Amino acid sequence: QVQLVESGGGWVQAGGSLRLSCAASRSIFNTSPMGWYRQAQGKQRELVAVITTGGYTNYADSVKGRFTISRDNAKTTVYLQMNSLKPEDTAVYYCNAQRTLSSSSVADYWGQGTQVTVSS
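Report on the state of the cysteines, specifying residues and quantitative values.
Summed over all chains, the structure comprises one disulfide. Disulfide partner of Cys 22: Cys 95, at an S-S distance of 2.1 Å. The sign of the -80 degrees torsion about the S-S bond sets the Cys 22-Cys 95 disulfide as left-handed. With a gap of 73 residues between them, Cys 22 in strand β3 (residues 18–24) and Cys 95 in strand β9 (residues 91–102) connect regions that are remote in the sequence.

An account of the side chain of Ser 25 is requested, with residue identities and associated values reported.
Position of Ser 25 relative to the elements: it lies in the loop between β3 and α1 (26–29). Overall, Ser 25 belongs to the buried group, its relative accessible area being 14%. Here Gln 1 takes part through its backbone oxygen, which lies 3.3 Å from a polar atom of the side chain of Ser 25. Once residues within four sequence positions are removed from consideration, Ser 25 is found in contact with Gln 1, Val 2 and Gln 3.

Account for the pairing of β3, naming residues and giving values.
With respect to burial, β3 is a largely interior element, five of its seven residues being buried. Sheet analysis places strand β1 (residues 4–7) next to β3, joined by four bridges and oriented antiparallel. Bridging across to β3, Glu 6 finds its partner in Cys 22.

I'd like a rundown of the side chain of Arg 38, residues and numbers included.
Along the chain, Arg 38 falls in strand β4 (residues 34–39). Among the polar contacts made by the side chain of Arg 38, one reaches the side chain of Glu 46 at a distance of 2.7 Å. A polar contact of 3.0 Å, which involves the side chain of Arg 38, links it to the side chain of Tyr 93.

Which residues make up unusual backbone geometry, and what are the values?
Even without glycine at this site, Thr 76 takes up a positive phi of about 45 degrees. In this fold, Thr 76 is placed in the loop between β7 (67–72) and β8 (77–82). One non-glycine residue with positive phi stands out, namely Ser 84, at about 50 degrees. Among the secondary structure elements, Ser 84 is positioned in the loop between β8 and β9. Accessibility expressed as a relative area gives 40% for Ser 84, which makes it partly exposed.

Lay out the environment of Glu 6 in plain terms, naming residues and giving numbers.
Summarising the element assignment, Glu 6 is placed in strand β1. A C-alpha to C-alpha distance of 13 Å links Glu 6 and Met 34, two positions 28 residues apart in sequence. If sequence neighbours within four positions are ignored, Glu 6 has contacts with Ser 21, Cys 22, Trp 36, Tyr 93, Tyr 94, Cys 95, Gly 111, Gln 112, Gly 113 and Thr 114. Of the polar contacts made by the side chain of Glu 6, one reaches the backbone nitrogen of Cys 95; its length is 2.4 Å. In terms of polar contacts, Glu 6 uses its side chain to reach the backbone amide nitrogen of Gln 112, at 3.0 Å.

What counts, and at which threshold
- Residues numbered from 1 in each chain as written.
- Predicted model: local features only at pLDDT ≥ 70, side-chain atom pairs only at ≥ 80, totals over all residues.
- Heavy atoms only, no water.
- Disulfide = S-S within 2.5 Å.
- Helix = DSSP H or I, 4+ residues; strand = E, 2+ residues; numbered from the N terminus.
- Buried < 20%, exposed > 50% of the residue type's maximum accessible area, 1.4 Å probe, protein only.
- Polar contact = N/O pair within 3.5 Å; in protein donor to acceptor, adjacent residues only side chain to side chain.
- Contact = heavy atoms within 4.5 Å.
- Pairing = 2+ DSSP bridges.

Structure follows, in structure tokens:
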């Protein structure tokens, strides 16, 4: 059974920092890229950052230079360090793992989400 458990959200003033954590089942963590998505009220869910099993990272343009994704293989946990937060970063943040099922299909797994609120 795949489990993704997020923590670390909260309220912060603009310019502040937060670190999100996502503890994952080992079976999914060791074989899948891990990512963070966010969904602001009234908007579609969007990719924030992703990290592969090999440590390759990719970021949304809006967070480059401010957010850092990392993974701790021993703890099967992925982190999102968020610095210089802006009010527009306010959203529910979701941890994601993607398992390849075949050459043409994948299965997405999601955490329960954690609220991040940045006040101006």
